[in-house]
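# Observations on the model geometry
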Amino acid sequence: MSFSARTKNELCHIKVRRSCCKYAELAALIYACGTIHLAGKSQVNLRIKTENASIARRIFRLIKDLYNVQARVVVRKNQRLRKNNSYFLILSNEQEAKKILEDLGILYRESKGQNIMIYQKINPKLIKKRCCKKAYLRGAFLGGGSVSDPEKTYHLEFVSHTEDYAKSLCDLVNEFDLHAKMIERKNNFVVYLKEGENIVNLFSIIGAHTALLNLENIRIFKDMRNNINRIVNCETANLSKTINAAVRQIENIEYIRDNIGLAKLPPPLREIAELRLVHSDASLRELGQMLNPPIGKSGVNHRLRKLDKIAEELRLKKGEI
């Protein structure tokens, strides 16, 4: 089972006690995965489709609790690609369907005339309270949301068929300072979150606490692994730099020795040159401790730079540069 499916199953076990929150969640579920059939001036049918049995049971229970109506449930086996079953909750009684959709602010009548219209945004009356806003986001995620495996990447999204609804959903998410963004993709409109911290906060808002803890554990592990990799890479780079510098220094000292001899060098330079040849893998600090009297890292580096300069001048005189 995917991380997204486990998260949705967890959300389906949350008990909603307030009626206002039930209305908000049900409205979001219908917006996300419902199909409204309008025939003539007032004939309305409602069909809700999901491939998650837990979500189907939750929608059935919400309708039953709020309206004492039992939706007809149809299960169809998906033959293509061995997908899961599809669950259809059908309200064919036009009076019941119309009442539910009008109560939820999804359908409304034009001010002039009897034509029934579909409200293309989140109806403000559903999300007056903060608890209702959280419930609406939970329903929106259950019906049209998904989250990627956090082991691979951090990405959560809500998919909508209309731009106006996606914009209103994006605004609702951002009321909680989650920095959601919206894009168009294949004739759909997607509201998405990319930062792991924002996804964790959204999980907290909608009540997915187990998924939140799992995501946090993965984030901590990934951050630790990334920090270790950075430290190792940094140490490797420093080691490579030290080795390359030591090789260059030895080459220059050997060049000086073979052309003019180390005896012609000033005593401080001759001393450090001889130590470098003997201790090719020693650090600058270690070389400094071998001197009598000892000197610091910067002093050793200063003397070695002078040796590099002498070798360069010798190469220039011989026309090797």
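To start, this report covers the structure provided alongside it. Remember, predicted model here, so these are calculated numbers, not experimental data.

## With respect to a positive patch on the surface
On the surface, R47, K49, R72 and R76 cluster together into a positively charged patch. Counting only elements with at least two residues in the positive patch, the list comes to strand 2 (43–50) and strand 3 (72–76). Residue classification places R47 among the partly exposed positions, given a relative accessible area of 32%.

## Quick notes on the pattern of salt bridges
Taken as a whole and assessed by the stated rule, the structure comprises 11 salt bridges. In this structure, K133 engages E175 in a salt bridge whose closest nitrogen and oxygen atoms are separated by 2.6 Å. With K133 in helix 5 (residues 130–144) and E175 in the loop between helix 6 (163–174) and strand 9 (181–185), this residue pair connects regions lying 42 residues apart in the sequence. Judged by relative accessible area, which is 18%, K133 ranks as buried. Judged by relative accessible area, which is 43%, E175 ranks as partly exposed. Between E157 and R185 there is a salt bridge, with the nearest N and O atoms lying 2.8 Å from each other. With E157 in strand 8 (residues 156–160) and R185 in strand 9, the pair connects residues that are 28 residues apart, well separated along the chain.

## As for the environment of K121
Tracing the backbone through its elements, the reader meets K121 in the loop between strand 6 (116–118) and helix 5. Along the backbone, K121 and A24 are 97 residues apart, and their C-alpha atoms lie at a distance of 13 Å. Apart from residues no more than four positions distant in its own chain, K121 is found in contact with Y31, D164, Y165 and S168.

Criteria and thresholds
Residues numbered from 1 in each chain as written. Predicted model: local features only at pLDDT ≥ 70, side-chain atom pairs only at ≥ 80, totals over all residues. Heavy atoms only, no water. Patch = residues over 30% accessible without salt bridge, like charges linked within 9 Å, V, L, I, M, F, W, Y side chains within 5 Å. Areas by Shrake-Rupley, 256 points an atom, 1.4 Å probe, with all protein chains shown as cover. Salt bridge = Lys/Arg side-chain N within 4 Å of Asp/Glu carboxyl O. Lys, Arg positive; Asp, Glu negative; His and termini not counted. Charge placed at Lys NZ, Arg CZ, Asp CG, Glu CD. Helix = DSSP H or I, 4+ residues; strand = E, 2+ residues; numbered from the N terminus. Buried < 20%, exposed > 50% of the residue type's maximum accessible area, 1.4 Å probe, protein only. Contact = heavy atoms within 4.5 Å.

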